[in-house]
Amino acid sequence: DEAENIERHILDRSSQVDRTLLPLYIVHEHLGNAFGLSSGEVTKITTDLGVPVSQPNASRTLSGTAAKYVIGDRVRKKGQPVRYKLSRRGAQYLQAVIRGTSNENAS
């Protein structure tokens, strides 16, 4: 059920924020938020899912539009990868998107 909703509400839509947050959501929900992901790892996962988000776009999205939904493990510095985890607010937002009840249309 959740997989169908993810496909319908995230993968079939063009929201870069939602696509970028999806790998973080999977780590948060199914792997116990055990580790963070860098923007490069987010790019690899979204590419594997068939909805590629380029590394610069993932990085820009995580530090910009999606910043209110993630927690970074360090301050951004050129050449230093930041590992991001989904915050409680981010998990609530993505659950609402997956259920199809989100009223925020971040693109």
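Residues numbered from 1 in each chain as written. Predicted model: local features only at pLDDT ≥ 70, side-chain atom pairs only at ≥ 80, totals over all residues. Heavy atoms only, no water.

A. Layout of the nonpolar core. By size, the foremost hydrophobic cluster in this structure holds 26 residues, and its most contacted members are Ile10, Leu21, Leu24, Val70 and Leu86. Those elements that provide at least two residues to this core are α1 (2-11), α2 (16-30), α4 (55-63), β2 (84-86) and α5 (88-99). If you tally residues by element for this core, the top one is α2, at 6 residues. Apart from residues no more than four positions distant in its own chain, leucine 21 is found in contact with Ala66, Tyr69, Val70, Leu86, Tyr93 and Leu94. (Core = buried A, V, L, I, M, F, W, Y, C linked by side-chain atoms within 4.5 Å. Buried < 20%, exposed > 50% of the residue type's maximum accessible area, 1.4 Å probe, protein only. Helix = DSSP H or I, 4+ residues; strand = E, 2+ residues; numbered from the N terminus. Contact = heavy atoms within 4.5 Å.)

B. Fine view of the environment of valine 17. As for its placement among the helices and strands, valine 17 is situated in helix α2. The exposure class of valine 17 is buried, given its relative accessible area of 1%. Between the alpha carbons of valine 17 and tyrosine 69 there is a distance of 9.7 Å; along the sequence they are 52 residues apart.

C. Molecular detail of the packing of helix α3 (residues 39-48) against α4. Where α3 contacts α4, the axes come no closer than 8 Å and their chain directions differ by 120°. As the angle between them shows, α3 and α4 are arranged oblique. At the point where α3 passes α4, the crossing takes the right-handed sense. Contact with α3, carried on its side by Ser39, Gly40, Val42 and Thr43, involves Gln55, Ala58, Ser59 and Leu62 of α4 and no other residues of that element. Looking at side-chain class alone, the contact of α3 with α4 contains 3 nonpolar, 5 polar and no charged residues. (Axes fitted to C-alpha atoms, helices over the stretch in contact; angles between N-to-C directions. Parallel < 35°, antiparallel > 145°, perpendicular 65-115°, else oblique. Left-handed = near helix turned anticlockwise from the far one by under 90°. Nonpolar A, V, L, I, M, F, W, Y, C, P; charged D, E, K, R; others polar.)

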